[in-house]
Amino acid sequence: MQIVARYASLPAALGLACMLSACEGKPQGPGTIEGKVIPAEVVAARASVEAKASTAIAKRVKAEIPEKQILFGDLHVHTTYSADAFMMSLPIMQGEGVHPISDACDFARYCSALDFWSINDHAESITPRRWKETVESIRRCNEIAGDPASPDVVAFLGWEWTQIGLTAAEHFGHRNVILKDLEDGRITRRPIAASAFSGQAMRDKPPWNVRWLLPHLDWSNRSRYYDLLKFQDETREAPVCESGVDTKTLPEDCMEFAATPSELLDKLDQAGVESMVIPHGTTWGIYTPPGYTFDKSLVGKQHDEDQQRLIEVFSGHGNSEQHRSWREASRDEQGNLVCPEPTADYEPCCWRAGEIIRARCSDPQSQECQQRVAEARANYLGAGASGRLTIPGADVPEWGACGVCRDCYLPSFEYRPGGAVQYIMALSSFEDPANPRRFHFGFIASSDNHSAKPGTGYKEFDRQEQTESFGPRSSFWRDQVRPVGDPEETSLNIDPSGGGRFQRFQLLDFERGSSFFYTGGLVAVHSPGRDRDSIWNALESREVYGTSGERILLWFDMINAPTGKVVMGSKIGFSARPRFRVRAVGSLKQKPGCPDHSAAGLSADRISKICGGECYNPTDERYRIKRLEIVRIQPQAQPGESVDELIKDPWKTIPCSGERIGCVAEFEDFEFVPERRDTLYYVRAIQEAAPTVNAGNIRCRTDQTGKCVSVDPCYGDWRTDYDDDCLGDAEERAWSSPIFLDYELDGAAPPANANAPLAPAPAAVAPSDALQPPAMEQPPPAPAMP
């Protein structure tokens with residue numbers, strides 16, 4: 001935040017005012033969980049509704065009725081114990097106040113009706129006191145949930161390791177850490193934070209205007225700013241643990257840091273706890289430097305197959321699934337970043353930076369102007385994730401649609417294809433050429449909500465509180481936070497470390513990013529029970545899938561393995577033609593308000609405050625599944641092999657009949673045996689379109705060629721009405737975890753009938769749901785660009 005020059009003479013007056021008023025902030029606490037135990041019959045009714053749907057679709061194809069139930073959760077939830085969440089909650093940012101851990105527990109149980117969730121505040125701001133209170137609050141959430149064998153919710157303890165590198169070479173990205181247990185001796189003594197940019201930013205000393213100016217400019221809300229200062233002071237003053245020391249021998253009153261994923265994994269091994277490490281945000285350009293790829297996270301000890309078993313494909317920050325061949329930056333022969341030219345469907349923001357400067361030249365064709373354009377593009381790339389700040393006075397519309405994956409489903413902001421989950425799954429590391437290493441991730445989705453709201457996607461409403469869209473409440477307050485300044489003819493060379501004229505948090509472009517925040521996703525598990533162990537085992541075995549927030553029911557199985565049915569997330573050796581079955585049932589439509597048990601378990605004021613007056617409140621009617629898309633990926637078989645041809649998306653598209661009972665399809669891969677390559681398959685089950693928050697992103701207006709000629713961003717600040725949910729139609733979906741087939745791994749022999757033609761689909765299956773014949777193996781043409 002900037003010191004505003006016109007207020008430079010105020011320190012003495014403000015100091016006197018502070019002496020005459022209460023300027024001492026109060027430490028934030030975990031709050032009090034208020035919800036009563038949800039009646040057992042309410043919880044049982046949820047399972048009954050699901051069982052009815054799963055039984056109906058199984059009988060439709062005369063298949064076995066699933067023994068396991070599907071439970072829904074959210075493994076990525078922040079409270080205002082996270083520094084950025086605290087800032088979002090301030091009055092200047094249109095925030096509604098602090099959101100403690102107690103709010104998250106009550107929200108998961110009574111607002112979103114989840115079966116499980118985890119706390120994942122940024123470790124970089126979790127002091128020893130906050131960690132102790134987090135542990136106690138999560139324990140209390142479990143205690144109040146009733147019988148541990150069948151609780152109304154299971155709450156997991158965890159945190160987010162928030163690593164941000166200033167260059168592509170230094171950047172590894174974020175990881176959520178989930179702990180299985182809650183007892184002392186079976187949990188870490190403290191969270192383990194990242195020691196890079198974010199760890200430094202959250203321990204920064206607040207600038208002068210935050211400490212003195214803002215509380216007095218917003219006098220009626222001054223206590224909230226003093227509380228923020230107290231929060232920042234506590235974070236900064238907490239001692240840092242000694243590095244290079246076994247985590248078990250460190251004192252409890254320090255904050256522990258790890259520089260890389262390998263160091264994080266080592267510390268978790270030292271702690272001797274059952275844990276899970278989940279990468280997320282792998283395509284998010286809001287903090288990821290241009291030119292980044294996920295490759296180095298597969299090298300050496302940066303990856304541990306036992307601990308890193310899941311990856312987040314979607315969250316409230318957008319889709320991270322889809323690979324694209326274009327890049328936001330490329331490299332020359334010397335390895336230097338260069339700005340690639342735009343393509344028909346993508347414009348790099350470094351290119352747009354040059355065009356903004358070109359428009360400011362008095363003679364755009366002059367050599368001097370060409371030099372300024374080239375410098376602007378180089379400065380943009382050199383600023384890491386802070387490129388927008390290199391162009392003084394450029395407001396949001398001037399950046400147009402740069403950085404946007406315009407044909408991706410609800411994409412993340414300034415999309416980084418080098419971190420796309422499809423790209424990640426196609427990678428191989430050949431450190432040991434005889435045994436290439438690969439990722440075998442199961443797929444989940446989450447909310448990444450920063451206001452203690454696990455599972456926000458149950459209804460598309462209240463954009464400002466159900467998503468991360470936030471910003472100043474007026475142009476006056478924007479000037480205090482980050483002035484746009486006057487346009488200049490030349491670009492700035494920005495120090496991405498946060499030195500000079502900008503604070504570290506200012507370097508992240510939340511202003512443009514607010515158009516790319518959604519209500520978030522869910523993780524679903526196939527579990528034999530509601531208890532902690534059953535849910536954990538399902539996560540660990542990768543029998544999971546993610547959804548964009550809707551409670552879509554999904555089963556994806558291989559049905560001709562020698563050992564019988566193989567479920568999603570499995571990895572087997574095989575040498576015959578594989579056959580698969582997909583079953584999908586649409587989510588239940590919602591009715592307004594909250595069910596009776598919510599009103600009985602929480603006060604009307606609390607339902608209004610934390611739920612926004614709306615809860616998960618299903619009708620008996622389901623959305624239709626519109627189609628099934630099958631994605632096939634063959635991981636690299638040799639060093640340097642391009643992944644572009646290894647990712648087939650979609651490999652098959654199977655239209656559905658549109659019945660509300662769901663969609664069933666069977667298919668096989670006629671190419672697996674001839675090609676003799678390890679291959680993975682996963683399914684997208686796609687619902688009929690429905691209104692969705694921020695579905696239009698920056699809301700491009702296109703010309704007849706499909707080129708984006710202007711934008712109408714959905715701001716998080718005063719420029720978009722607070723009550724405008726920016727709704728647009730989107731096709732909600734679910735992503736299965738892959739089934740991994742290693743060709744002839746361990747000499748696996750095919751069953752006797754493995755290569756026989758697939759039997760016709762049962763008569764109960766509608767023709768549009770049935771197996772596509774071999775003649776239709778090729779994927780359909782790519783859809784036209786919007």
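Everything below is about the structure shown above.
The present account deals with the structure reproduced in this document.

Calculation notes
- For every chain, the first residue of its written sequence is number 1, and the numbers climb from 1 along that sequence.
- Where totals are concerned, whole chains, interfaces and linings use all residues; where local detail is concerned, this predicted model gives features only for residues with pLDDT of at least 70, and gives and counts side-chain atom pairs only at 80 or more.
- Water and hydrogen atoms play no part in the side-chain values, which are based on all heavy atoms of the structure.
- When the centres of two rings from Phe, Tyr and Trp lie within 6.5 Å, Trp using its six-membered ring, the rings pair. Their planes under 30 degrees apart give stacked, over 60 give edge-to-face, and anything left gives tilted.
- For helices the rule is a DSSP run of H or I covering at least 4 residues; for strands it is a run of E covering at least 2, with both sets numbered from the N terminus onward.
- To sort residues, take the accessible area from a 1.4 Å probe on protein chains only and compare it with the maximum for the residue type: under 20% means buried, over 50% means exposed, and anything in between is partly exposed.
- Two residues qualify as a contact provided that any one of their heavy atoms is within 4.5 Å of a heavy atom in the partner residue.
- N or O atoms closer than or at 3.5 Å make up a polar contact, with two conditions inside protein: a donor-capable atom paired with an acceptor-capable one, and, for residues adjacent in sequence, both atoms drawn from side chains.
- Positive charges are assigned to Lys and Arg, negative charges to Asp and Glu, while His and the chain termini are left out of the count.
- Should a side-chain nitrogen of Lys or Arg be within 4 Å of a carboxyl oxygen of Asp or Glu, the pair is scored as a salt bridge.
- Between any two strands, pairing holds if DSSP finds at least two bridges.

## Overview of the packing of aromatic side chains
Part 1: All chains considered together, the criterion is met by 26 aromatic pairs.
Part 2: Ring geometry for phenylalanine 314 versus tyrosine 409: centroids 6.1 Å apart, planes at 35°, classification tilted. Of this pair, phenylalanine 314 sits in strand β8 (residues 310-315) while tyrosine 409 sits in the loop between α11 (367-382) and α12 (421-426), and the two are 95 residues apart along the sequence.
Part 3: Among the residues examined, phenylalanine 314 registers a relative accessible area of 1% and is labelled buried.
Part 4: A centroid spacing of 4.7 Å and a plane angle of 45° characterise the contact between phenylalanine 580 and tyrosine 681, whose relative ring orientation is tilted. You can see phenylalanine 580 sitting in strand β18 (residues 579-585) and its partner tyrosine 681 sitting in strand β24 (residues 679-687), a full 101 residues away along the chain.
Part 5: Phenylalanine 580 sits in the buried class, given a relative accessible area of 0%.
Part 6: Here the aromatic residues Phe556, Phe580, Trp651, Phe667 and Tyr681 are joined through ring pairs into a cluster of three or more.

## Focus: the environment of tyrosine 380
Part 1: Inspection of the secondary structure puts tyrosine 380 in helix α11.
Part 2: On the basis of relative accessibility, which here comes to 5%, the residue tyrosine 380 falls in the buried class.
Part 3: Measuring from C-alpha to C-alpha, the distance between tyrosine 380 and serine 491 comes to 8.5 Å, with 111 residues separating the pair along the chain.
Part 4: The contact partners of tyrosine 380, leaving out residues within four places of it in the chain, are Cys349, Cys350, Ala353, Gly387, Arg388, Thr390, Trp399 and Glu414.
Part 5: Within the structure, the side chain of tyrosine 380 is placed 3.3 Å from the side chain of glutamate 414, a separation counted as a polar contact.

## What to know about the side chain of aspartate 669
Part 1: Position of aspartate 669 relative to the elements: it lies in the loop between β23 (663-668) and α19 (672-675).
Part 2: The class of aspartate 669 is buried, set by a relative accessible area of 0%.
Part 3: A distance of 3.4 Å separates a polar atom in the side chain of aspartate 669 from the backbone nitrogen of phenylalanine 672.

## Comments concerning the side chain of aspartate 74
Part 1: Here aspartate 74 lies in strand β1 (residues 69-74).
Part 2: Look at aspartate 74: it is buried, it has no salt bridge, and the nearest opposite charge is arginine 551 at 9.1 Å.
Part 3: Polar contacts involving the side chain of aspartate 74 include one to the main-chain amide nitrogen of histidine 76, which spans 3.2 Å.
Part 4: Looking at aspartate 74, its side chain comes within polar contact range of the main-chain nitrogen of glycine 455, at 2.8 Å.
Part 5: Non-local contacts of aspartate 74, meaning those with residues more than four positions away in its chain, are made with Leu114, Phe116, Trp117, Ser118, Ser446, Ser447, Lys453, Pro454, Gly455 and Val523.

## Side note on unusual backbone geometry
Part 1: Here the bond from aspartate 649 into proline 650 is cis, since omega is -10°, no more than 30 degrees from zero.
Part 2: The residue proline 650 is located in strand β22 (residues 647-655) in this model.
Part 3: Of note, arginine 542 is a non-glycine position whose phi angle comes to about 65°, a positive value.
Part 4: Among the secondary structure elements, arginine 542 is positioned in the loop between α16 (532-540) and β14 (544-547).
Part 5: With phi around 50°, asparagine 697 is a residue other than glycine that occupies positive phi space.
Part 6: Relative to the helices and strands, asparagine 697 resides in the loop between β25 (690-693) and β26 (700-702).

## Observations regarding the sheet that holds strand β9 (residues 318-319)
Part 1: Spatially, β9-β8-β12 is the arrangement adopted by the 3 strands of the open sheet, whose pairing is mixed. What marks the edges here is a single partner per strand, and that holds for β9 and β12 (442-445).
Part 2: Here 2 bridges tie β8 to β9, and the two strands are oriented antiparallel to one another. The residue bridging phenylalanine 314 from the neighbouring strand is asparagine 319, located in β9.

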